[in-house]
Structures are given as structure tokens and as C-alpha cells.
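# Breakdown of the fold
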Amino acid sequence: MAYGYISSALMWSAFAAVLLTGAAQFASAESQNLETDDVWVVEGETATISCRVKNNDDSVIQLLNPNRQTIYFRDVRPLKDSRFQLVNFSENELRVSLTNVSLSDEGRYVCQLYTDPPQEAYADLTVLVPPGNPIMEAEEDVVTEGNETEMSCTTSSSKPPAKIRWLKGAQELQGVSRVEDNYDSMYTVSSRVRVTVTKEDDGVAVRCVVEHPAIKDFTAQKILEVQYKPEVKISVEYPKGLTREGENLELTCRTRGKPQPQEVSWIKVDDDVPPHAVITGSELYIENLNKSFNGTYRCVAANSIGEAYDDYILYVYDAPTTPPPPSTAPPTTITTTPLPDTTQDSRAGEGVQRSVDHAVIGGVVAVVMFAILCALIVLGRYFARHKGTYFTHEAKGADDAADADTAIINAEGGVTHSDDKKEYYI
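Counting restarts for each chain: residues are numbered from 1 in the order of the written sequence. Local features in this predicted model are restricted to residues of pLDDT 70 or higher, and side-chain atom pairs are both shown and tallied only at a pLDDT of 80 or more, whereas totals for entire chains, interfaces and linings draw on every residue. The side-chain quantities take in all heavy atoms of the structure and omit both hydrogens and water.

## Considerations on the overall build of the protein
Put simply, DSSP marks the helices as runs of H or I at least four residues long and the strands as runs of E at least two long, and each gets a number from the N terminus on. In terms of regular secondary structure, the protein is built from three helices and 25 strands. Taking all 426 residues of the protein together, 27% fall into the buried category. Long-range pairs, those at least 24 residues apart, make up 61% of the contacts in the protein between residues at least 6 apart in sequence. Using a 1.4 Å probe, the Shrake-Rupley method yields the accessible areas, and only the shown protein chains count as cover for residues. Total accessible area on the protein stands at roughly 28600 Å², and carbon and sulfur atoms take up 54% of it. Per-residue accessibility, obtained with a 1.4 Å probe over protein chains only, is compared with the maximum for each type, and a residue is labelled buried under 20%, exposed over 50%, and partly exposed between these values. It only takes one pair of heavy atoms within 4.5 Å for two residues to be counted as in contact.

If you want it as C-alpha cells, here you go:
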């Protein structure tokens, strides 16, 4: 009998466990019918908590605080805290506001729906505490170019911890941050950065930017003051072109530095400055140049940081040759005759063209006739000086006769052929 009783008890226990497991699973499934949201609020402002039901079967909705005290039961507020106010109540929503939120209000709030079993949803209220104004400090107020300086930035009493960024002008710098947890759940954040400065950084702002979800960015800044040695530049005031013999030379030495250079001097490299040169502070003046003044002239400037110089190489050119004296003849007046307007009558242009053609032809003919006349005169004079030899047929063969009589007798044809006598005149 005892054995049977124990077996029955074990069986009922197992059955009860199955029922409880099923109920828990059913409650978990049903709990999805109730919804709420987590809330973030800045300290001193107002938080709103909303309990929403998808499908309500006339069940009661209530809101509990982190200590599980009822804040609102339907539209009734049992808790005696006037900071809680009813914003909306309906079958599907219970919405409550909490004004002037403090850190003590932070925690998990419970939305509860009276079903069988009851359903719950949780809203975590997070209180944000903005950081205090950042405090920025520098290792030194004045920095010499090329040196490194350190700056620090600290902000305290924030929740959650703030984030600190560094900027030099528009350039982001990499700092090293440290977070300290205070006793009151607040955080203090400090950051350090090291900067190597140049003369271009003089007057540039280095900023410490504090970022936090409770506020817009807080900023603290420090203007860099950088000291640097002088910058020197020689400019030629006169002449603007080549330096020639007999002219004057005027140079100005322009300097810039921090602190501003108070001492400016002129020297001539490897030689002495001409004795009649005039030096007035940053200006050098030499008159009546000649080639013995050629060389390198140097302007030297110094301040407490260092010294610097700039060189000017002087080369004197020959004086320009003397130009001829200007003519004293009165100016010649040139009268310009306008061309005839041929656009009014096209025939006038044709007549002018024909007249020009006739004149050209007449000129050519005159030249040809003159050339022919000259040729005839030359030929006449030539023939006058060189007369030709002429031959006749009379007494032909008389050249071989012993005397004149024989020549006459031997003449071919004698006098009977006188009619056939011919002359050839060359």
C-alpha cells in the first residue's frame, strides 16, 4: 500500500509540473500582447512611460515603479508623488509622465496587465547627466617654433562618461583620455594632447570638444602663441630695371618675426660697403653707381629667437649710349587724299581701269620704238666705220699677167662684157 501511495504522488507531481510548464509557456506567449519602450531623459526634464495593449479583453492595466509600488492603477494614482501625471488612459494604453527627473528615479518600471496569469513588460528609465564646462590648461603660454607643448582638458559630473576630441584649426589631433568613476555614479573624463608647433601655428586655436548625448558639444579653446626667428626679404625700390653706371640704387630690407626684430644691419659680403653709401635702418642707398660697387649685399635681422638674412647681388651695367639730339625741323604735314568712292557707280570704276590699261600699253610702245631707234643709230654708226670690199668681173685673171697690156688681153671677155659687170657690196 505504501508503495502504491508513493507512486501515485509521484505521478501527480509530474502532472502538475507539466501543467505549470504549459501555463508558463502560455503566459510567455501572451506577454507579447503588452508592450512598452525604454526611456532616456536628461536630469531635470520630463520622462514619459507608455504601456500599450494590442488586444485587451477588459483587463486592468497598471504601472509599477522600480520598487514595485503601484504608480497608476487604471486611471487612479495610489502613489503620493505628484510628479507622476496621467497623460492618457484607454483600454489599449496607459501613459504617464514624470517631471523633474532625478538620478533616484532611474531604474526598471513595470507595465502589468491583470490577466490569468498576469502579463508584464519592462521599461528601463536612464537618466542622463550633462557634463560640466570643460577646463583647459596648457603647459606653457608661449611656445618657440619647433618645440612641443602639452595641453589638457577635463570635464566632470557626467553620466554616462563624456567623450573628448581635439582640434588644431581644422586638423584633428589624437589625444589620450582617462575616465574616473565617482562615488555618486558620475564620471570625470580628462584628456591630454601634445602638439609640435611651427611659426604657421601662431594665432591658431586649439580646441577641446566635449561630446555627450545630453547636450550639444561643449568647447574650450586656447590660442597658440608661437615665437620664431625673423624672416628677411630685400626689395629693390630703385631702379626698376637694370642697374647702370651713374644711376642710384635704393634697397629696402623687410623683416617679420616674433618678437619683431629690433636690429637690422647691412653688410657687403667679402668687402666693405661703399663709403658714400647711406644706411638708414632697413634702407640702403647708393648713388652714382660704378662697376667697383659690384658684389653681394646682405641684410641681417635678429631677435631673441635667432637671426636670418637675405642677399642681393649687384651687377652694374654700362651706361646707355647718348641718343642723337632731336631734330628741330618743323613737323611735316602729310595730306592724305581719299580714294574715290567706287561704290556709288560701278561704271566709274570700269572707266578708270580702262584708262590705266591704255596708259600702260602706250608706255610699252614708246619704250619699244625708242629701243628700235637706238638700234638703228648704233648700226648706222657701225657700217659707217666698217665699209665692205666689192668685186667686179672685169679684167678677171689679170692678176697673173706680166704687164698691163697682157692683163687687158687676158681679161675674160674684154670690154665686150661690160654689160655683165656686177658689184657685190657687203
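## Observations regarding the packing of aromatic side chains
Here a pair means two rings of Phe, Tyr or Trp (six-membered ring of Trp) with centres within 6.5 Å. Their orientation is stacked below 30 degrees between planes, edge-to-face above 60, and tilted elsewhere. In this structure the tally under the stated criterion is two aromatic pairs. Ring centres of F73 and Y114 lie 6.0 Å apart, and the angle between their planes is 70°; on these two criteria the pair is classed as edge-to-face. Separated by 41 residues along the polypeptide, F73 in strand 5 (residues 70-73) and Y114 in the loop between strand 8 (107-113) and strand 9 (119-128) bring together distant segments of the chain. Judged by its relative accessible area of 33%, F73 is partly exposed. Between Y315 and Y317, the aromatic rings sit 4.8 Å apart at their centres with planes inclined by 75°, giving edge-to-face as the arrangement.

## Things to note about the sheet that holds strand 12 (residues 148-158)
Strands belonging to one sheet form pairs held by backbone hydrogen bonds; the direction of such a pair is parallel or antiparallel. Taken in spatial order, the four strands of this open sheet run 10-12-16-15, and their pairing is antiparallel. Single-partner strands in this sheet number two, and they are strand 10 (135-138) and strand 15 (176-181). Strand-to-strand, the axes of this sheet are offset by a mean angle of 15°, without reference to chain direction. As judged from the nine bridges shared by strand 12 and strand 16 (residues 187-196), these two strands associate in the antiparallel manner. When the bridges of strand 16 are listed, T149 appears paired with V195. Between any two strands, pairing holds if DSSP finds at least two bridges. All axes here are fitted lines through C-alpha atoms, helices being fitted over the stretch that makes contact, and every angle between N-to-C directions spans 0 to 180 degrees.

## Details of the pairing of strand 15
Remark: a regular strand shows side chains that alternate across the two faces of the sheet. Among the six residues that make up strand 15, zero are buried, leaving the element largely open to the surroundings. Bridge count for strand 15 against strand 16 is six bridges, and the pairing is antiparallel. Paired with R178 across the bridge in strand 16 is S190.

## Things to note about the state of the cysteines
We call a pair of cysteine sulfur atoms a disulfide whenever their separation is within 2.5 Å. What the rule picks out here adds up to three disulfides. For C51, the disulfide goes to C111, at an S-S distance of 1.8 Å. Disulfide C51 to C111: torsion about the S-S bond roughly -70°, handedness left-handed. Placement of the pair is C51 in strand 3 (residues 47-53) and C111 in strand 8, with a sequence separation of 60 residues. The exposure class of C51 is buried, given its relative accessible area of 0%.

## Observations regarding the side chain of Q112
Take Q112: it is sitting in strand 8. We call two N or O atoms a polar contact when they sit within 3.5 Å, provided that within protein one can donate a hydrogen and the other can accept it, with sequence-adjacent residues counted only if both atoms are side-chain atoms. At 2.4 Å, the side chain of Q112 and the side chain of Q62 are in polar contact. At a separation of 2.8 Å, a polar atom in the side chain of Q112 contacts the side chain of E120. For Q112, the contacting residues outside a window of four places in its chain are L34, V60, I61, Q62, L64, R68, Q119 and E120.

## Notes on a nonpolar patch on the surface
A cluster of nonpolar residues, V360, I361, V364, V365, V368, M369, I372, L376, L379, Y382 and F383, forms a patch on the protein surface that exposes about 1100 Å² of accessible area. With respect to the helices and strands, Y382 occurs in helix 2 (residues 346-385). Take Y382: its relative accessible area is 46%, and that puts it in the partly exposed class. Each patch is built from salt-bridge-free residues with over 30% relative accessible area, joining like charges within 9 Å and nonpolar side chains (Val, Leu, Ile, Met, Phe, Trp, Tyr) within 5 Å. The term salt bridge refers to a pairing of a side-chain nitrogen on Lys or Arg with a carboxyl oxygen on Asp or Glu at a separation within 4 Å.

## Notes on the confidence of the model for the protein
The predictor's confidence in any single residue is recorded as pLDDT, a number from 0 to 100. Mean pLDDT for the protein: 81, with 74% of residues reaching 70 or above. The low-confidence segment residues 329-356, where pLDDT is below 50, has zero contacts with residues more than four positions distant or belonging to other chains. Confidence drops under a pLDDT of 50 for residues 412-426, and excluding neighbours within four residues, the segment shows 17 contacts in the predicted structure.

## Some points on the nonpolar core
To form a nonpolar core, buried Ala, Val, Leu, Ile, Met, Phe, Trp, Tyr and Cys residues must be joined to one another through side-chain atoms within 4.5 Å. L63, I71, F84, L94, Y109 and L125 are the most contacted members of the largest nonpolar core, which totals 24 residues. Elements represented by at least two residues in this core include exactly strand 2 (39-42), strand 3, strand 4 (61-64), strand 5, strand 7 (93-98), strand 8 and strand 9. In this structure, L125 is in contact with V39, V41, A47, L98, D105, E106, G107 and Y109, ignoring residues within four places of it in sequence.

## Things to note about the sheet that holds strand 24 (residues 295-302)
Strands sit in the order 21-24-25 across an open sheet of three strands; the sheet is antiparallel. A single partner strand is all that each edge strand has here, and the edge strands are strand 21 (263-268) and strand 25 (307-314). Adjacent strand axes in the sheet meet at a mean angle of 20°, parallel and antiparallel pairs treated alike. One ladder, built from eight bridges, connects strand 24 with strand 25; its direction is antiparallel. Looking at strand 25, one finds that A301 is bridged to A308.

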